[in-house]
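# Per-entry structural report
As a plain string of letters, each chain reads:
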Amino acid sequence: MRWEGNRESQNVEDRRSQGGGGGGFIGGRSIGIGTIVIALVGGWVLGINPLTLLGMLSGGGAPVAVEQQAPAQRPPADDHMAKFVSTVLADTEDVWRDLFREAGGNYRDPSLVLFRGATRTACGQGQAAMGPFYCPADQKVYIDLGFYETLKNRLGAPGEFAQAYVIAHEVGHHVQNLLGITAKMEQMRQRMSEVQYNAMSVRLELQADCFAGVWANHAQQARQILESGDIESAMNAAAKIGDDALQRSGGGAVVPESFTHGTSAQRQRWFAAGLKSGSVKACDTFGANQL
């Protein structure tokens, strides 16, 4: 992937030197370290239902208060991996700003937070074990860079473009948030069974995959970022993190009713749809008869 020398985003917070302990405050209630609190539209490795606790954590639309963090720090200038994610984030900013502008809208950049182990978010205590995730309440993407070692060594998905796909997928959730899709999902949550909700969650995740493909299409047109093998690298990553692949690798049975992110084939298909078309309209997973 050709990225070195390109613009770096200024919207990166480096919390890796901060401790992640303590309790946060969600809607006025303290949450201790031992409480599993997840509000993410991610859950790459663990197959977590991404919106299960979103209503509780967002207080049904009420203000969310979080303990004060230390002042945000920029990553060190000589940190190669931080430079990489900053550059990829900047590229997503450039693409989505243009696409929103063309549609008559205004794109608000998300922040990307680098952390180790755990960190406080407006969606509760973020844990590295969750994988990368996006918090709608503070419009930030969170990633422990150790996940990339998991992606490469445990899941068998190496390559810089596979890593860029991870970031672009989470930014895709930010786009969904700005478009009001995330809020609509939450409104529907109370009227659905668990199986129905899981099925809607799959459509949400596949749309984020498609949005990642849209980014890659426009980034390639504007800056020629792709090298030989990059697309295959991203498609391999999409396959490795399909719900069916993760359940098989975990030694369990494949249970389609429990899927929350989509099968390997579906994730590949929707990423490819965005990549080929470069169009947000091609990413209507909620209107598709077949995923």
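Summarised in this report is the structure supplied together with it. As the structure is a prediction and not an experimental result, all values here were calculated from the model. (Residues numbered from 1 in each chain as written. Predicted model: local features only at pLDDT ≥ 70, side-chain atom pairs only at ≥ 80, totals over all residues. Heavy atoms only, no water.)

### Re the pairing of strand β5 (residues 118-121)
Our working rule: Whether a residue is buried, partly exposed or exposed follows from its accessible area with a 1.4 Å probe, protein chains only, as a fraction of its type maximum: under 20%, in between, or over 50%, in that order. Numbered from the N terminus, helices here are DSSP runs of H or I no shorter than four residues, and strands are runs of E no shorter than two. In this analysis, strands are considered paired if DSSP registers two or more bridges between them.
Side chains Ala118 and Arg120 of β5 all project onto a buried face; the interleaved residues Thr119 and Thr121 project onto the opposite face, where all are buried too. Where β5 lies against strand β6 (residues 124-127), four bridges are found, and the strand directions are antiparallel. Residue pairing in the sheet places threonine 119 in a bridge with glycine 126 of β6. Where β5 folds back onto β6 in an antiparallel hairpin, the turn is made up of two residues.

### Let's talk about the side chain of serine 264
Test applied: Any two residues having at least one pair of non-hydrogen atoms within 4.5 Å are treated as being in contact.
With respect to the element layout, serine 264 can be found in helix α9 (residues 264-277). Non-local contacts of serine 264, meaning those with residues more than four positions away in its chain, are made with Ala238, Ala239, Gly242, Asp244 and Ala245.

### Concerning the pairing of strand β4 (residues 111-114)
The alternating pattern of β4 places Ser111 and Val113 on one face and Leu112 and Leu114 on the opposite face, and all of these are buried. Relative to strand β8 (residues 140-143), β4 is paired through four bridges, and the arrangement is parallel. By the bridge assignment, serine 111 is partnered in β8 with lysine 140.

### With respect to the environment of threonine 150
The topology assignment puts threonine 150 in helix α3 (residues 147-154). Each C-alpha atom of the pair threonine 150 and glycine 131 lies 9.4 Å from the other, and the pair is 19 residues apart in sequence.

### So, the packing of helix α2 (residues 80-102) against helix α6 (residues 194-223)
The test is simple: All axes here are fitted lines through C-alpha atoms, helices being fitted over the stretch that makes contact, and every angle between N-to-C directions spans 0 to 180 degrees. An angle counts as roughly parallel when it lies under 35 degrees, as roughly antiparallel when it exceeds 145, as roughly perpendicular when it falls between 65 and 115, and as oblique in every other case.
For the pair α2 and α6, the least separation of the axes is 9 Å and the interaxial angle reads 95°. Judged by the inter-axis angle, α2 sits roughly perpendicular to α6. Only Phe211, Val214, Trp215, His218, Ala219 and Arg223 of α6 make contact with α2, whose side of the interface consists of Val88, Asp91, Thr92, Asp94, Val95, Trp96 and Leu99.

### Brief notes about the pattern of salt bridges
Quick reminder of the rule: Salt bridge, as used here: a side-chain nitrogen of Lys or Arg that lies within 4 Å of a carboxyl oxygen of Asp or Glu.
Taken as a whole, this structure holds 14 salt bridges when the rule is applied. With a shortest N-O distance of 2.9 Å, lysine 83 and glutamate 8 are connected by a salt bridge. With a gap of 75 residues between them, lysine 83 in helix α2 and glutamate 8 in the segment before β1 (12-14) connect regions that are remote in the sequence. On the basis of relative accessibility, which here comes to 28%, the residue lysine 83 falls in the partly exposed class. Via salt bridges that share partners, Arg7, Glu93, Asp94, Arg97 and Asp109 belong to a single interconnected network.

### Side note on the packing of helix α4 (residues 160-179) against α6
Quick reminder of the rule: Two helices that cross are described as forming a left-handed crossing if the nearer one is turned anticlockwise from the farther one by less than a right angle, and a right-handed crossing if clockwise. Classes in brief: Ala, Val, Leu, Ile, Met, Phe, Trp, Tyr, Cys and Pro nonpolar; Asp, Glu, Lys and Arg charged; the others, Gly included, polar.
Between α4 and α6, the least distance of the axes is 7 Å, while the angle of their chain directions is 115°. With respect to α6, the axis of α4 lies roughly perpendicular. Relative to α6, the crossing made by α4 is right-handed. Contacts between α4 and α6 pair Phe161, Ala164, Tyr165, Ala168, His169, Gly172, His173, Val175, Gln176 and Leu179 from the former with Leu204, Glu205, Gln207, Ala208, Asp209, Phe211, Ala212, Trp215 and Ala216 from the latter. Of the residues contributing to the contact of α4 with α6, the split by class is twelve nonpolar, five polar and two charged.

### A short note on the state of the cysteines
Our working rule: Disulfide: a pair of cysteine sulfur atoms within 2.5 Å of each other.
In total, this model carries two disulfides according to the counting rule given. Note on cysteine connectivity: cysteine 123 is disulfide-linked to cysteine 135, with sulfurs 2.1 Å apart. One disulfide, between cysteine 123 and cysteine 135, carries an S-S torsion of 90° and so falls in the right-handed class. Linking cysteine 123 in the loop between β5 and β6 with cysteine 135 in strand β7 (residues 133-135), this pair joins segments that are twelve residues apart in sequence. On the accessibility criterion, cysteine 123 (4% relative accessible area) is buried. Overall, cysteine 135 belongs to the buried group, its relative accessible area being 0%.

None of the figures reported here should be taken as evidence of function without further support.
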